[in-house]
There are 2 protein chains.
Amino acid sequence: MDVSSFLGAKAQRTDEALDRCLASWAGAPALLVEAVRYSLFAGGKRFRPALVLGTAEIIGECDTPALPAACALEMIHTYSLIHDDLPAMDNDDFRRGRPTLHRAHGEAVAILAGDALLTMAFDALGEAGNATVIREVAQAAGAAGMVGGQLLDMAAEQTTPTLDELRRVHAGKTGALIRVSVRAGAMLAGAQSTQIDRLTVYGEQLGLAFQIADDILDVEGDAARLGKPVGSDAARGKATYPAIVGMAQSKTLAREAMQAAIDALDDFGCEADTFRALARFVVERDC
Amino acid sequence: MDVSSFLGAKAQRTDEALDRCLASWAGAPALLVEAVRYSLFAGGKRFRPALVLGTAEIIGECDTPALPAACALEMIHTYSLIHDDLPAMDNDDFRRGRPTLHRAHGEAVAILAGDALLTMAFDALGEAGNATVIREVAQAAGAAGMVGGQLLDMAAEQTTPTLDELRRVHAGKTGALIRVSVRAGAMLAGAQSTQIDRLTVYGEQLGLAFQIADDILDVEGDAARLGKPVGSDAARGKATYPAIVGMAQSKTLAREAMQAAIDALDDFGCEADTFRALARFVVERDC
């Protein structure tokens, strides 16, 4: 299956499950649900759910056991975008071509919608029923993972980090959630530990390639395709791969990470072909 | 055991466990851990952990299986205070006689410290290993529980709610977490469903009594004992029991809830005496 058909199919499956998930928030204030829907159904690529579901399919015959975890990972990703956009954080007015949630519904509602998404993600994970997966996701999203990475990222705006420091920021801010998406899908589908180990390397290298490609696109991308202005990282003084190691070396590092991701799938057969293509897509995409 | 010895013993047990919990956040940025410690060790009464641990003891012989859940409930309670204090929410400068976290460390750090506490609470709950408990806690803290209650509470500042609307606010904002503290303790100690049902009624009525007493203390309490100025609810136009049904009726409702909580323990013997005393303490306390 080609990558865009794969991503499209998994996005549709995730959207339907997220819709059922929100329908189960009986008793929640209507404004809260409306705010959550505004951000959750804003045209995201559902990249993390696709990793959860795709990994489960590589291991098992179907992705169903992993579907609640796919929803949970997207809910955690969406909450992180809502909170990162807040005035006290990145202070962004637009995301995916629309006003950010705090611009549309006010800061208090945005804070609470993020809190609700993060909390309810663990209700969804509880449905999957595997306490080890719950702990791994919490650790990946938490103090030493995504939240910690966001704090380091903001601190890095005041300084010029080294390449190692930049890697640490990205490993937390974007890498940890991508890595755990793959691990959660594998574990929920009943993978053996050697399979989980190989897929973990795939997830780590894919996340790295994804982030370097993102940094490159912010310099060389097309604003219309990206749905956001290019050059925003540089304008904000964000530490990026092109800023620290230059554009040519950034492209080399992105391709090395892509190849390392593909190599990590050597023990798998044609059932992992889509994931091999996904690694190429992540580096070669234009949005 | 008298109530203050009970609360003191459970607070010490919780503090030690929370300290071990934070020590396990290896790899988290030092500033994040410092901010979390600032709010987590600020002299809270550890009321929710005491309910978790006390319930476990009523059911079983020891409270150990429930200890990770006790930590998780306190982490969720603390995150909710940090986010509620933010300028976009209640905009409070002081809590327990000290600057609020965003006054001490800035808004971005406060948002992230709250996010980290909420996330890592589910790592702690995962340690307890019961997916049903995890889902119940997420639902109690989430969109139809605490987060929803906070949103309704803010909306109520613009209007004069009815008594029923006020009850709905409190059931979410403070009631849900108190109720689930009791349920989590019972479930993790292996309670039978009839025991869980009775203890749930206790938790609901205790939470109600707690909230009415809080509202009364904000009018009649002693600022020095409370560690905060009295009259702050009225100054802010907060909907409270005294504001809506008057002081005399508020005191009647508090005592009725207290008695209903005590009555719910009728099937239990002397092992529940501390919980009976706790229901009286909640209404008769002066801070």
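The shown structure was predicted, so the numbers you read here are calculated from the model rather than taken from an experiment.

### Side note on the packing of helix α1 (residues 3–23) of chain A against helix α4 (residues 67–85) of chain A
Residue and element names in this part refer to chain A.
Thinking step 1. Contact geometry for α1 and α4: axes closest at 9 Å, N-to-C directions at 80°. Relative to α4, α1 is oriented roughly perpendicular. The segment α1 lies against α4, with T14, A17, L18 and C21 engaging L67, A70, C71 and E74.
Thinking step 2. Residue composition of the contact of α1 with α4, grouped by class: six nonpolar, one polar and one charged.

### Let's talk about helix α7 (residues 131–141) of chain A
Thinking step 1. Counted residue by residue, α7(A) has nine buried out of eleven residues, so it is predominantly covered.
Thinking step 2. Listing the buried residues of α7(A) in full gives A:V133, A:I134, A:R135, A:E136, A:V137, A:A138, A:Q139, A:A140 and A:A141.
Thinking step 3. For α7(A), the elements touching its buried residues are α4, α6 (107–128), α8 (146–156) and α9 (163–188) of chain A together with α6 (107–128) and α7 (131–141) of chain B.

### Points about the relation of the copies chain A and chain B
Thinking step 1. At an RMSD of 0.0 Å, chain A and chain B line up after a rotation of 180° and a shift of 0.0 Å along the axis. The symmetry that links the two subunits is that of a two-fold axis. Minimal C-alpha separation from the rotation axis in chain A is found for A:A131, amounting to 3.2 Å.
Thinking step 2. Both copies contact each other with a shared surface, as 100% of the interface residues of chain A are interface residues in chain B too.

### Examining the interface of chain A and chain B
Thinking step 1. The interface is formed by 41 residues belonging to chain A together with 41 residues belonging to chain B.
Thinking step 2. Elements with a contribution of two residues or more to the side of chain A that touches chain B: α2 (30–40), α6, α7 and α8 of chain A.
Thinking step 3. Looking at the side of chain A that touches chain B, the element that brings in the most residues is α6(A), giving 13 residues.
Thinking step 4. When grouped by side-chain class, the residues that make up the side of chain A that touches chain B number 27 nonpolar, nine polar and five charged.

### A closer look at the packing of helix α10 (residues 193–220) of chain B against helix α14 (residues 247–263) of chain B
Residues and elements named next belong to chain B.
Thinking step 1. Viewed as axis vectors pointing N to C, α10 and α14 meet at an angle of 155°, and their least axial separation amounts to 8 Å. Judged on the interaxial angle alone, α14 and α10 are roughly antiparallel. As α10 runs across α14, the sense of the crossing is left-handed. The segment α10 lies against α14, with Y202, Q205, L206, L208, A209, I212, A213, D215, I216 and V219 engaging M247, S250, K251, L253, A254, A257, M258, A260 and A261.
Thinking step 2. Of the residues belonging to the contact of α10 with α14, the class tally is 15 nonpolar, two polar and two charged.

### Some thoughts on the environment of B:A88
Thinking step 1. Here B:A88 shows up in the loop between α4 (67–85) and β1 (94–95).
Thinking step 2. Overall, B:A88 belongs to the buried group, with 20 C-beta atoms counted inside 10 Å.
Thinking step 3. C-alpha of B:A88 to C-alpha of B:E107: the two residues are 19 residues apart in sequence and 10.0 Å apart in space.
Thinking step 4. Ignoring sequence-local partners within four residues, the contact set of B:A88 consists of A:E107, A:A108 and A:I111.

The rules behind the values
Residues numbered from 1 in each chain as written. Chains lettered and ligands numbered in written order. Predicted model: local features only at pLDDT ≥ 70, side-chain atom pairs only at ≥ 80, totals over all residues. Axes fitted to C-alpha atoms, helices over the stretch in contact; angles between N-to-C directions. Helix = DSSP H or I, 4+ residues; strand = E, 2+ residues; numbered from the N terminus. Parallel < 35°, antiparallel > 145°, perpendicular 65-115°, else oblique. Contact = placed C-beta atoms within 7 Å. Nonpolar A, V, L, I, M, F, W, Y, C, P; charged D, E, K, R; others polar. Buried ≥ 20, exposed ≤ 12 C-beta atoms within 10 Å, placed from the backbone. Least-squares fit on C-alpha atoms with pLDDT ≥ 70 in both. Left-handed = near helix turned anticlockwise from the far one by under 90°.

Just distances and angles here, no functional claims.
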